[in-house]
Amino acid sequence: MKKKAQNGWKTVDAPLFDLRGTMASGQLFHWEPTEGGGFRGLIDTTEVEVRQEGERLRFRGGSAELLCHYFALDHPLEAIYATFPDDPAMREAVAFGRGLRIVRQPAWECLATFITSAMKQVSHITAMSRALRERFGEPIGHGGFRYPDPARLASADEAALRECGLGFRAPKLLETARWIAEGRVDLEAIRALPDGEAERELCRLPGVGPKIAHCVLLFAYERVKAFPVDVWIARVLLHHYFARKRKKPTLKELHAFGIHHFGPYGGYAQQYLFHHARNLPRSTWAKTG
DNA sequence: TGGCAGGGGTTGA
DNA sequence: TCAACCCCTGCC
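Residues numbered from 1 in each chain as written. Chains lettered and ligands numbered in written order. Predicted model: local features only at pLDDT ≥ 70, side-chain atom pairs only at ≥ 80, totals over all residues. Heavy atoms only, no water.

(A) Representation of the overall build of chain A in the model. A count of helices and strands for chain A gives 15 helices and seven strands. The C-alpha atoms of chain A give a radius of gyration of 19 Å, which matches the 19 Å a tight globule of 289 residues would have. Residues classed as buried in chain A amount to 52% of the 289 residues present. Residue pairs in contact within chain A that sit at least 24 positions apart in sequence constitute 64% of those at least 6 positions apart. Counting every atom, chain A has about 13900 Å² of accessible surface; 52% of that belongs to carbon and sulfur. Averaging the coordinates of the 41 positive side-chain charges in chain A and doing the same for the 33 negative ones gives two points 6 Å apart. (Helix = DSSP H or I, 4+ residues; strand = E, 2+ residues; numbered from the N terminus. Rg over C-alpha atoms; globule rule 2.2 N^0.38 Å. Buried < 20%, exposed > 50% of the residue type's maximum accessible area, 1.4 Å probe, protein only. Contact = heavy atoms within 4.5 Å. Areas by Shrake-Rupley, 256 points an atom, 1.4 Å probe, with all protein chains shown as cover. Lys, Arg positive; Asp, Glu negative; His and termini not counted. Charge placed at Lys NZ, Arg CZ, Asp CG, Glu CD.)

(B) Main features of the protein's contact with DNA strand C. With respect to spatial proximity, the complete set of residues near DNA strand C consists of Lys120, His124, Arg162, Gly167, Phe168 and Arg169. When the atoms of DNA strand C within 4 Å of the protein are sorted by group, sugar and phosphate make up 61%. A distance of 3.1 Å is found between a sugar or linking oxygen of DNA strand C and a backbone nitrogen or oxygen belonging to Phe168. Between a base oxygen of DNA strand C and a side-chain N or O atom of Arg169, the distance comes to 3.1 Å. Of the residues assigned to the surface near DNA strand C, the class counts are one nonpolar, two polar and three charged. (Near = heavy atom within 4 Å. Polar contact = N/O pair within 3.5 Å; in protein donor to acceptor, adjacent residues only side chain to side chain. Nonpolar A, V, L, I, M, F, W, Y, C, P; charged D, E, K, R; others polar.)

(C) Fine view of unusual backbone geometry. The backbone phi angle of Leu16 is positive, close to 50°, even though this residue is not glycine. As for its position among the elements, Leu16 is in the loop between β1 (10–13) and α1 (19–23). Of note, the phi angle at Ala72 is positive, near 55°, even though the residue is not glycine. Note that Ala72 resides in the loop between α2 (64–70) and α3 (77–83).

(D) Region of interest: empty space enclosed by the protein. Evaluation of the coordinates by the stated rule reveals two cavities of 30 Å³ or more. In this structure, the largest cavity spans a volume of roughly 60 Å³. Every residue along the wall of the largest cavity is listed here: Gln27, Leu28, Phe29, His30, Gln105, Glu109, Cys110, Thr113, Ser129 and Arg133. Contributing elements (two or more residues each) for the lining of the largest cavity: α5 (107–115) and α6 (122–136). Residue classes in the lining of the largest cavity are distributed as three nonpolar, five polar and two charged. Taken as a whole, the second largest cavity spans an internal volume of roughly 40 Å³. Lining the second largest cavity are Ala89, Val236, His240, Leu273, His276, Ala277, Leu280 and Trp285. At the level of elements, α13 (231–241) and α15 (266–278) are the ones that each hand at least two residues to the lining of the second largest cavity. Ranked by residue count, the leading element in the lining of the second largest cavity is α15, at three residues. Its residues placed into classes, the lining of the second largest cavity shows six nonpolar, two polar and no charged. (1 Å grid on protein atoms, 1.4 Å probe; cavity = no way out; pocket = protein on both sides within 12 Å on 5 of 7 lines; lining within 4 Å. Points joined across faces, edges and corners; volume = space filled by probe spheres on them.)

(E) How the structure looks around the protein's contact with DNA strand B. Around DNA strand B sit 21 residues in total, of which Lys120, Val122, Gly207, Gly209 and Val231 are the nearest. Sugar and phosphate atoms form 53% of the subset of DNA strand B atoms that lie within 4 Å of the protein. One nitrogen or oxygen atom from the main chain of Val208 is found 3.4 Å from a phosphate oxygen belonging to DNA strand B. Gly209 places a polar main-chain atom, nitrogen or oxygen, 2.7 Å from a phosphate oxygen of DNA strand B. Here the element with the most residues in the surface near DNA strand B is helix α12 (residues 210–219); it accounts for three residues. By residue class, the composition of the surface near DNA strand B is twelve nonpolar, four polar and five charged.

(F) Looking closely at α5. Here α5 lies mainly inside the structure; nine of its nine residues are buried. Burial in α5 covers these residues: Ala107, Trp108, Glu109, Cys110, Leu111, Ala112, Thr113, Phe114 and Ile115. If you follow the buried residues of α5, they end up packed against α6, α7 (150–154), α9 (170–181), α10 (187–191) and α12.

(G) Molecular detail of the sheet that holds strand β2 (residues 32–33). Read from one edge to the other, the open sheet built from five strands follows the order β1-β5-β4-β3-β2, with strand pairing classed as antiparallel. A single partner strand is all that each edge strand has here, and the edge strands are β1 and β2. As paired strands, β1 and strand β5 (residues 56–60) are joined by four bridges and run antiparallel to one another. By the bridge assignment for β5, Lys10 is matched with Phe59. (Pairing = 2+ DSSP bridges.)

Given below as structure tokens:
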């Protein structure tokens, strides 16, 4: 791991890492692209600007350790790929997304962002995240804002959240923020629970169902086997693995298939399939719905 | 320019 | 199992 300061810029080795792909893979919604082809954002409370130069990251703000941890540069990607099922869909997805990593996100920010994501496209999730930060978050550095903590959102009123574009998600986020601020739910305690129990605890929260619980397990609690099934993954699975089935599987059945078929790093497999699917022509999915 | 369909899900009946 | 929930974006 190399580090070298120059005008505040430092570098760190980042072999087999695709920064742009990771940013665009639907797990992060608050990084702003910069003119130099990089990104500016916050890692929890630390303002960071980062860009990729070959197999290295050039960054300012934060430390090499912080970036390595956040971007999960310690995950053994080649070994993870080796656990994936050897089928055409998976091979194509890995070839397309090589270097994509599942980031270690702060739990509250991850949970709150995914509560706002229901029935929304990436561009709008990004807009809601920005609006919430700017309205309720603490300002940091050069125009950046922290994600508002549960206590801050708990003290907001629903109308203010709706003004951030949340629509019917506003009361859900508000209630969940209150539960956490009041100590009725402890996200760090959930982190320590086994997968099944953690999922059940998350699903108690208003606005959290199986899909969002699986996203939090995967993106915040590093449960790399967790397998969120959203409409994109459902499309992929139906298209590649259930095309000949007469009876269309339910979401629950698709989830069970995903957990079983994709192995110990199912969450990684899911992320590669998702990222690949979203970048295929729309006509690919015309028949699968 | 305006109108309309539909979207990365949850929930309650 | 299914409609309702907000509202913004993209498309015609």
